[in-house]
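# Notes for the structure review
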Amino acid sequence: MLPRRLSRLMHPVRRLGTCTTSRASFTVQDEEDFRNRVLSSSTPVVVDFHAQWCGPCKLLGPRLETIIGGKGEKVHLAKVDIDNVSDLALDYGVSAVPSVLAVKDGKVVDKFVGLQEESRIEAFVNRLIGE
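Residues numbered from 1 in each chain as written. Predicted model: local features only at pLDDT ≥ 70, side-chain atom pairs only at ≥ 80, totals over all residues. Heavy atoms only, no water.

Quick reminder of the rule: UniProt positions are given in the numbering used here, feature names are shortened, and annotations may be inferred rather than shown by experiment.
With an unreviewed UniProt entry as reference, the protein chain is termed Thioredoxin, source organism Scylla paramamosain. Quoted verbatim from the Sequence similarities (unreviewed entry) field of UniProt, the annotation for the protein chain is "Belongs to the thioredoxin family."

Structure, rendered in structure tokens:
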């Protein structure tokens, strides 16, 4: 018999939850898509630069979706996979993931790098939308 801790690693507990992804959340396909949907947006946009292989990214993504989803149409979430749109990551100086940018009126107004607590993400989004 395995110790309880090892047993959990080998057989992780699956939790069911409901999460509604806002229509304001989208995946950026290429640089033109980024220009059209992020830089030209009249609504502020949080840009999540992530990668499929990045563990902290997998934890941050749902936190961003939940917080931004709760803001209605006040803010959008753009997801950028750095392996698919690497030039865009280079253009914005992304050297580590997750990297999150706040874009308003086509300009980067704030950013953070790394996994953050929900309270810090909430404050980040609130600053962007003026709450």
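### Overview of unusual backbone geometry
Rules: Under the scheme used here, helices are H or I runs from DSSP no shorter than 4 residues and strands are E runs no shorter than 2 residues, and both carry numbers assigned from the N terminus. Partly exposed describes any residue whose relative accessible area lies between the buried limit of under 20% and the exposed limit of over 50%, with all areas from a 1.4 Å probe on protein chains only and scaled to the type maximum.
Of note, the amide linkage connecting Val-97 to Pro-98 takes the cis form, showing an omega dihedral of 0°. Looking at the secondary structure, you find Pro-98 in the loop between α4 (86–91) and β4 (99–104). One non-glycine residue with positive phi stands out, namely Asp-105, at about 55°. By the secondary structure assignment, Asp-105 is in the loop between β4 and β5 (107–113). When its relative accessible area of 61% is taken as the criterion, Asp-105 is described as exposed.

### Observations regarding the sheet that holds β4
For the record, the criterion: Pairing between strands is defined by DSSP: at least two bridges between the two strands are required. Working convention: axes come from line fits to C-alpha atoms, limited for helices to the stretch in contact. Angles between N-to-C directions cover 0 to 180 degrees.
The strand order across the open sheet built from 5 strands is β1-β3-β2-β4-β5, with neighbouring strands paired in mixed fashion. Each of the sheet's edge strands pairs with one partner strand only, and the pair in question is β1 (25–27) and β5. Shown here is a sheet whose adjacent strand axes are inclined to one another by a mean of 20°, direction ignored. Taken together, the 6 bridges between β4 and β5 define a ladder with antiparallel strand orientation. Considered in β5, the bridge of Ser-99 is made with Val-113.

### Details of the packing of aromatic side chains
Here is the rule: Working definition: a ring pair exists when centres of Phe, Tyr or Trp rings (six-membered ring for Trp) sit within 6.5 Å. Plane angles under 30 degrees give stacked, over 60 give edge-to-face, the rest tilted.
Under the defined criterion, the tally for this structure stands at 3 aromatic pairs. Between Phe-49 and Tyr-92, the ring centres sit 6.5 Å apart and the planes meet at 35°, which makes this aromatic pair tilted. With a gap of 43 residues between them, Phe-49 in strand β2 (residues 45–50) and Tyr-92 in the loop between α4 and β4 connect regions that are remote in the sequence. On the numbers, 4.8 Å between centres and 80° between planes, the contact of Phe-112 with Phe-124 is edge-to-face. Within this pair, whereas Phe-112 is found in strand β5, its partner Phe-124 is found in helix α5 (residues 118–129), the two being separated by 12 residues in sequence. Exposure class is identical for Phe-112 and Phe-124. Each is buried. Grouped by ring-pair contacts, the aromatic residues Phe-34, Phe-49 and Tyr-92 constitute a single cluster.

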